[in-house]
Every structure is written in C-alpha cells, then in structure tokens.
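# Survey of secondary and tertiary structure
Here is how the chains run, residue by residue.
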Amino acid sequence: MLIDKVTEILRETAQAVILPRFRALSAGDVEEKSPGEVVTMVDRQAEAEITRRLRELLDVPVVGEEAVAGDPQLVAALSEAPTAWLVDPLDGTANFIAGTPDYAVMAALVRHGSTVASWILRPDAGRLYVAEQGAGTWRDGVRIRREPAPRDPAGLRGAVLTRFLPPADRLRMAEAAPHFAAVEPGARCAGVDYPRLVDGELDFVRFQRLLPWDHAPGTLLLTEAGGVARHLDGVPYKPADTRSGLLGAADARCWETVRSLMDP
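This one's a predicted model, so the numbers in the text were calculated from it and none came from an experiment.

### Here we look at the sheet that holds strand β12 (residues 204-207)
- Ordered in space as β11-β10-β12-β14-β13, the 5 strands form an open sheet in which the pairing is mixed. The open sheet is flanked by β11 (182-184) and β13 (228-231), the only strands paired with a single partner. The average undirected angle you get between the axes of adjacent strands in this sheet is 15°.
- Sheet analysis places strand β10 (residues 157-160) next to β12, joined by 3 bridges and oriented parallel. The residue of β12 that forms the bridge with G158 is F204.

### What to know about the packing of helix α7 (residues 190-199) against helix α8 (residues 212-224)
- Viewed as axis vectors pointing N to C, α7 and α8 meet at an angle of 10°, and their least axial separation amounts to 9 Å. Classified by the angle between their axes, α7 and α8 sit roughly parallel to one another. Contacts from A190, Y194, P195, L197 and V198 in α7 reach D214, H215, G218, T219, L221 and L222 in α8.
- The class makeup of the residues in the contact of α7 with α8 is 7 nonpolar, 3 polar and 1 charged.

### A look at the pattern of salt bridges
- Scanning the entire structure with this criterion turns up 23 salt bridges.
- Across the pair E65 and K33 runs a salt bridge, and its minimum N-O distance is 3.4 Å. With a gap of 32 residues between them, E65 in helix α3 (residues 65-70) and K33 in strand β1 (residues 30-34) connect regions that are remote in the sequence.
- Given a relative accessible area of 14%, E65 falls into the buried group.
- For K33, a relative accessible area of 29% puts it in the partly exposed group.
- With a closest N to O distance of 2.3 Å, R172 and D169 form a salt bridge. Here D169 and R172 lie together in helix α6 (residues 167-176), a separation of 3 residues that amounts to about one turn.
- With a relative accessible area of 27%, R172 lands in the partly exposed category.
- What emerges from the salt-bridge pattern is a single network uniting E184, D193, R196 and E201.

### Digging into the pairing of strand β7 (residues 127-132)
- Bridging between strand β6 (residues 114-122) and β7 involves 6 bridges; their strand directions are antiparallel. Counted as the bridge partner of W119 is V130 from β7.
- Counting the residues that bridge the hairpin from β6 to β7 gives 4 residues, and of these G126 lies at a positive phi of roughly 75°.
- In this structure, β7 lies alongside strand β8 (residues 136-139), joined through 4 bridges in antiparallel fashion. Paired with V130 across the bridge in β8 is W138.

### A look at the nonpolar core
- In terms of nonpolar packing, the biggest core is built from 36 residues, with V63, L86 and V205 touching the most fellow members.
- Secondary-structure elements contributing two or more residues to this core are α4 (77-80), β4 (83-91), β5 (104-111), β7, α7, β12 and α8.
- Not counting chain neighbours up to four residues away, the residues in contact with V205 comprise A159, D193, Y194, L197, L246, L247 and G248.
- Of all hydrophobic cores here, the second largest spans 29 residues; its members include L90, F96, V116 and L128.

### Things to note about unusual backbone geometry
- Backbone geometry places R23, a non-glycine residue, at a positive phi of 60°.
- Inspection of the secondary structure assignment puts R23 in the loop between α1 (2-18) and β1.
- A relative accessible area of 61% means that R23 is categorised as exposed.
- For R188, which is not glycine, the phi torsion reads 55° and is therefore positive.
- Within the secondary structure, R188 sits in the loop between β11 and α7.

### What about the environment of P212?
- Within the secondary structure, P212 is located in helix α8.
- P212 sits 134 residues away from L78 along the chain, and the two C-alpha atoms are 8.9 Å apart.
- Leave out the neighbours within four places in its chain, and P212 touches V75, L78, L86, P217, Y237, P239 and T242.

### Digging into the side chain of T93
- For T93, the position within the fold is in helix α5 (residues 93-98).
- T93 sits in the buried class, given a relative accessible area of 10%.
- There is a polar contact of 2.7 Å between the side chain of T93 and the side chain of D43.
- One polar contact links the side chain of T93 to the main-chain carbonyl oxygen of L90, over a distance of 2.9 Å.
- Beyond its immediate stretch of four places on either side in the chain, T93 contacts V38, V39, T40 and D43.

What counts, and where the lines are drawn
Residues numbered from 1 in each chain as written. Predicted model: local features only at pLDDT ≥ 70, side-chain atom pairs only at ≥ 80, totals over all residues. Heavy atoms only, no water. Pairing = 2+ DSSP bridges. Helix = DSSP H or I, 4+ residues; strand = E, 2+ residues; numbered from the N terminus. Axes fitted to C-alpha atoms, helices over the stretch in contact; angles between N-to-C directions. Parallel < 35°, antiparallel > 145°, perpendicular 65-115°, else oblique. Contact = heavy atoms within 4.5 Å. Nonpolar A, V, L, I, M, F, W, Y, C, P; charged D, E, K, R; others polar. Salt bridge = Lys/Arg side-chain N within 4 Å of Asp/Glu carboxyl O. Buried < 20%, exposed > 50% of the residue type's maximum accessible area, 1.4 Å probe, protein only. Core = buried A, V, L, I, M, F, W, Y, C linked by side-chain atoms within 4.5 Å. Polar contact = N/O pair within 3.5 Å; in protein donor to acceptor, adjacent residues only side chain to side chain.

If you want it as structure tokens, here you go:
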C-alpha cells in the first residue's frame, strides 16, 4: 500500500507542477544556488508538495535536496533518525532547463541507515521504477531482473561522468576506456542512468559525488534487480556514507572487472 501511495504522490506532483513547466520556463524561474549548480522554481515547488504529502503518509524527517541546500544539518536524519524520507524532486535540473527529457523525480525510504524502498519516475515518458528491499525491482508494474553482463571487457558498455573526478582518476579512466566497448558521459542524471543500467543499456556506471538523494533510489533499484553498487573499496553503498566514489554494475563479476581496469 505504501508503494502505491508514494507512486501516486510522485505522479500527481509531476502532472501538476513539473510537466506544465517543461520547456516553458522563464528567465526568472532559474537561478544559481551554488557555483555550477542551478535550481528552478519547479524543483522547489515540487519538493514542497512531495514533502508535505509524504509527511502526511508517514510523519518522519524528509531529507530533500532543496531543503538541505538551505539547512545542511537536515541530512543528519539519515543516520540519526530510525526512519527518514529522501526526495530529489527534479533530478537532472540542467537537462530540464535545456528542454531535454533526461530528468526524473525520485524518492526513497530509509530505515536504520538502509534504503528499504525507492521510486524513480520519468515524467516525460510516464515510466516508473520501484524497488523494495527483499521484494525486487519493478518497471511499470512488471518485475525485472538484470541479465549478467558480458565476460569480456570489450563487450561492456559504461557511463562515467568525469566532471567531478580528480585528475588522477580522470587519467586512469581515459586509459581504461579503450578496453571497453563504449564509455560515455551518461545522461548527467542518476535517475536516468541507474534505470539504463537495470534495463541493460549500460553494464556499469561510475559516480564520484555521492549526494544521498541522487543514489539511494538507484542503488536499491539496481541491487534488487540483481546488480551491485559498491564504493571503490568494495563496501556496499549506504545513504549516509557520502565519501566519494561509487561503481554500479550488472553483476559482481562485472564490478570486479571494471574496478580492476579503472584502478589496476
């Protein structure tokens, strides 16, 4: 029942707040909240609506991207509160501003530091991904499993956003890239790239910056579909652990192969 109610909240918010402003933003609707980071009135309005309705559903702390921008201490709820919501009201804001459909609305439920349920909605396509700890991953109501990736690295396709990589890691990635079938920058939206990995369009994704609202939804989606999401030292991802570096892969063997080539 909780899964369906949160799904309804995200769909209705997207329909009322997000889709009407897609490719219809004015100059005053966009501002820079930090160097290189933009926010729109859509982000803020959508987060306010989702936050209000999630609290009505389950009255626990809501850690939203825009709320944390105003009060960074809110993120402590992920490790201190028994239960908390995570919300990314408009993942891929820059894409949304540019008028491309590579954006998503994401939410997750965190209990005792672990993600137990997650939702990724692609409003433009109307596609919904849901995962529940121990119950699997679902795309538009159909359970899905990630097929194992090719054994040969030459058959692997990946996405690596190099923007946040340290220079040494960027160099190692450039040296490793020729070993793979393809390495692209990805959609610059975790809410798009995690589903692409689950759907088989990609075999691995490499992230550097780990904001919890970006990765808690997608990592549960991936792991419940049979994939792997680990820090580069092999430790499984947890929302409160924001140290840099995360590799998601179709399966454990693929993870080990990609990790060894990226950092031999």
